[in-house]
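# Survey of secondary and tertiary structure
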Amino acid sequence: YSCHRCPVCPTSSFRSVHHGGCVSSGTVDITVPLNFWAGKRRTSHEKGHKENVYEPATGRVLCHLEPCGAVDINQAVNAAKSAFGHWSKMSGMERMKIMIEAAHIIESRREEIAEMEVVNNGKSITEARLDVDSGRLCIEYYAGLASTLAGQHVQLPGGSFAYTRREPLGVCVGIGAWNYPFQIASWKSAPALACGNSMVFKPSPVTPVTAVLLAEIYAQAGAPDGLFNVVQGSQETGSLLCHHPDVAKVSFTGSVPTGKKIMEMASRGVKPVTLELGGKSPLLIFQDSDLENAVRGALMANFLSQGQVCSNGTRVFVQRDILSEFVEEVVKRTQSIEIGDPLLETTRMGALVSKPHLEKVLSFVEQAKKEGASVLCGGEPFVPSDPKLKGGYYMTPCVLGDCTDEMTCVKEEIFGPVMSVLSFETEEEVLHRANNTTLGLAAGVFTRDVRRAHRVVEHLKAGSCFINNYNITPVEVPFGGFKMSGIGRENGQVTIEHYSQLKTVFVEMGDVDSLF
């Protein structure tokens, strides 16, 4: 990586080009390679094409990506194998202490990590802080579970017995997405490490910066060299990881098409996969809802992280009797969202992650208009008043009205700040329409009728459902999807099963009863 140093204080780590000063106190150094294995940052052996990494808020080049090749992947996996030998033999209490120390370091560096996340991703500093908190809490949660991993004793006839052992898998691969770079790295590494595994993590090439901070934090906390490694790159790097014979498991967050390819590659080695893929989630708002909370929920379901959230409830079904009142309030609130510099405290919507992605989202709005949807507000490129931000990737959050189930904006995942509002008459009707999709990541319902709420949730074909709220993801609770939205779960106790394997041991206390 070659990156821009700050001309104000050249010894610092990185200059925010739109502030003209240092993002942090100088401990975040992105002028050295952002690959990390065997306990330190590494330069890639590949001497091929370099790719630009951009700062979404300004459109300026942040650094240059040098992807890892086969030699690099072998070195990273070998480092992880070596660390696994030591880490897997440690007690759960020993692993817990190191993970808790890592969480404490994250807490002490919260602002610094959040600012780097903003610079590389474009989301608001307010949201980035919460993402860092989520990563820290996840590590704390699984640190607590590390010492609870245990098997079962089963008594058999004649004094014989059997027992089970829950054992780690080995070297796990994590492949992250660009919308929650630090949080996803934490969500994947925490259960893996708690179970005694090591990990090689590949961030999105769009947001490569903060995963290496997590690697350094684990090392600082006392993790053995090679326990958590970071390799940078795109599809080729990911393919090398998935096919590597010493990789025991792959966990991926991203799009459905890429998830299918990863599942296919992992299948050649019969490797288990965790897939957290896309969504086109329904949000059902009944006429007896608390309207204020329903509006708040719809905004949270559509505009977090500039709408770049896989679980977003972008199909908002509103019962006809309250449709006009709901739409009026949603449009008013949407138009008042503060857009601009994501490092400012007052900003509530920053920049989309890249110029091509911004253009793609805007094209969905144009397609919706052609298909008969009404643009009730937003859906246009936005240029902040600060001239330093004129090259950034901004748009106004959009609410589409007069939508029907057949429209492209209703059927396909847009992954941007675009809400599609549809009306419905009956519970039976809306359930049929809500479930009429190949995806099933999330769903939500707003109603004061507790019986209806649970009845509706029972029939919604989605892995993560919300009643009278939306897009809350406490680390204690499993998160994942049905259908083509994925396999396995992130967070919660159940994830321990996805990062460990069960061994059964039979113990004979008498003579062998042989047929021969």
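Scoring rules and cut-offs
Residues numbered from 1 in each chain as written. Predicted model: local features only at pLDDT ≥ 70, side-chain atom pairs only at ≥ 80, totals over all residues. Heavy atoms only, no water. Axes fitted to C-alpha atoms, helices over the stretch in contact; angles between N-to-C directions. Helix = DSSP H or I, 4+ residues; strand = E, 2+ residues; numbered from the N terminus. Parallel < 35°, antiparallel > 145°, perpendicular 65-115°, else oblique. Contact = heavy atoms within 4.5 Å. Nonpolar A, V, L, I, M, F, W, Y, C, P; charged D, E, K, R; others polar. Pairing = 2+ DSSP bridges. Salt bridge = Lys/Arg side-chain N within 4 Å of Asp/Glu carboxyl O. Buried < 20%, exposed > 50% of the residue type's maximum accessible area, 1.4 Å probe, protein only. Arc of directions from axis to C-beta. UniProt positions renumbered as here; feature names shortened; annotations may be inferred. Domains from an automatic or database assignment. Buried area = accessible area lost by both parts, 1.4 Å probe. Polar contact = N/O pair within 3.5 Å; in protein donor to acceptor, adjacent residues only side chain to side chain.

## Side note on the packing of helix H4 (residues 125-146) against helix H5 (residues 181-194)
Packing of H4 against H5 brings their axes to within 8 Å, and their N-to-C directions diverge by 5°. Compared by their axis directions, H4 and H5 come out roughly parallel. Here Asp131, Val132, Ser134, Gly135, Cys138, Ile139, Tyr142 and Ala146 of H4 come into contact with H5, specifically with Phe182, Gln183, Ser186, Trp187, Ala190, Pro191 and Ala194. Residues of the contact of H4 with H5, tallied by class, amount to 10 nonpolar, 4 polar and 1 charged.

## A few points about the sheet that holds strand E8 (residues 161-168)
Spatially, 3 strands are ordered E7-E8-E26 in an open sheet, and the strand pairing comes out antiparallel. Two strands bound the open sheet, and with one partner strand each, they are strand E7 (153-155) and strand E26 (500-507). The mean inter-strand angle of the sheet, taken between neighbouring strand axes irrespective of direction, is 20°. With 8 bridges joining them, E8 and E26 adopt antiparallel strand pairing. By the bridge assignment for E26, tyrosine 163 is matched with valine 505.

## Details of the pattern of salt bridges
Opposite charge on two side chains permits them to pair, given that their charged atoms come into close proximity. In total, this model carries 26 salt bridges according to the counting rule given. Of the charged contacts in the structure, one is a salt bridge between glutamate 264 and arginine 268, with a shortest N-O distance of 3.8 Å. For arginine 268, a relative accessible area of 60% corresponds to the exposed category. It is possible to trace a salt-bridge network through shared partners that takes in Glu292, Arg296, Glu329, Lys332 and Arg333.

## Section: helix H7 (residues 235-243)
Where H7 is concerned, the buried positions are Thr237, Gly238, Leu241 and Cys242. For H7, the angular spread of the buried residues around the axis is 135°, confining them to a single face. Residues of H7 that are exposed and point over 90 degrees away from its buried face: Gln235 and Glu236. Where the residues of H7 are buried, they touch helix H1 (70-87), strand E9 (171-175), strand E10 (198-202), strand E12 (247-253) and helix H8 (256-267).

## Things to note about the sheet that holds strand E22 (residues 442-446)
Spatial strand order, E16-E19-E20-E15-E14-E22-E23: 7 strands in an open sheet with mixed pairing. Unpaired on one side and paired on the other, strand E16 (374-377) and strand E23 (464-467) mark the two borders of the sheet. Strand after strand, the sheet turns through a mean of 25° between neighbouring axes, direction not considered. Pairing of E16 with strand E19 (residues 398-401), which is carried by 3 bridges, proceeds in the antiparallel orientation. Along E19, the bridge assignment pairs serine 374 with glycine 401. Taken strand by strand, helix H10 (residues 323-335) contacts strand E14 (282-285), strand E15 (315-319), E16, E19 and strand E20 (418-424), and its axis lies near 55° from that of E16.

## A short note on the UniProt feature "active site" (unreviewed entry) in the chain
Mapped onto this structure's residue numbering, the UniProt feature "active site" (unreviewed entry) falls at Glu276. Considering the arrangement of structural elements, one finds glutamate 276 in strand E13 (residues 273-276). Discounting chain neighbours no more than four positions away, the residues touching glutamate 276 are Phe252, Thr253, Gly254, Cys310, Leu441, Phe479, Ser485 and Glu490.

## A short note on the environment of valine 154
Locating valine 154 in the fold gives a position in strand E7. A C-alpha to C-alpha distance of 61 Å links valine 154 and threonine 396, two positions 242 residues apart in sequence. In this structure valine 154 touches Phe161 and Ala162, once residues within four positions along its chain are discounted.

## Observations regarding the UniProt feature "domain: Aldehyde dehydrogenase" (unreviewed entry) in the chain
The positions UniProt marks with the feature "domain: Aldehyde dehydrogenase" (unreviewed entry) are residues 49-505. Summarising residues 49-505: 40% helix, 21% strand, and an end-to-end C-alpha distance of 52 Å.

## Focus: the domain arrangement of the chain
Size of an interface: often given as the accessible area lost when the parts come together. The domain boundaries assigned to the chain delineate domain 1 (35-277 + 496-500) and domain 2 (282-484). Counting residues at the interface gives 31 residues for domain 1 and 32 residues for domain 2. Of the roughly 2500 Å² buried between domain 1 and domain 2, counting both surfaces, carbon and sulfur atoms make up 60%. Our enumeration of links across domain 1 and domain 2 arrives at 1 salt bridge. Across the salt bridge formed by arginine 129 and glutamate 345, the nearest N and O atoms sit 2.6 Å from each other. On the surface where domain 1 and domain 2 come into contact, there are 10 residue pairs in polar contact (both at pLDDT 80 or more). Taken together, the elements giving at least two residues each to the side of domain 1 that touches domain 2 come down to strand E5 (51-55), helix H3 (110-121), H4 and H8. Across the side of domain 1 that touches domain 2, the residue classes tally to 15 nonpolar, 9 polar and 7 charged.

## Side note on the pairing of E9
Within E9, 5 of the 5 residues are buried, which leaves it mostly tucked inside the rest of the structure. Taking every second residue as pointing to the same face, both faces of E9 are buried, with Val171, Val173 and Ile175 on one and Cys172 and Gly174 on the other. By the bridge criterion, 5 bridges tie E9 to E12 in an arrangement that is parallel. By the bridge assignment, valine 171 is partnered in E12 with valine 247.

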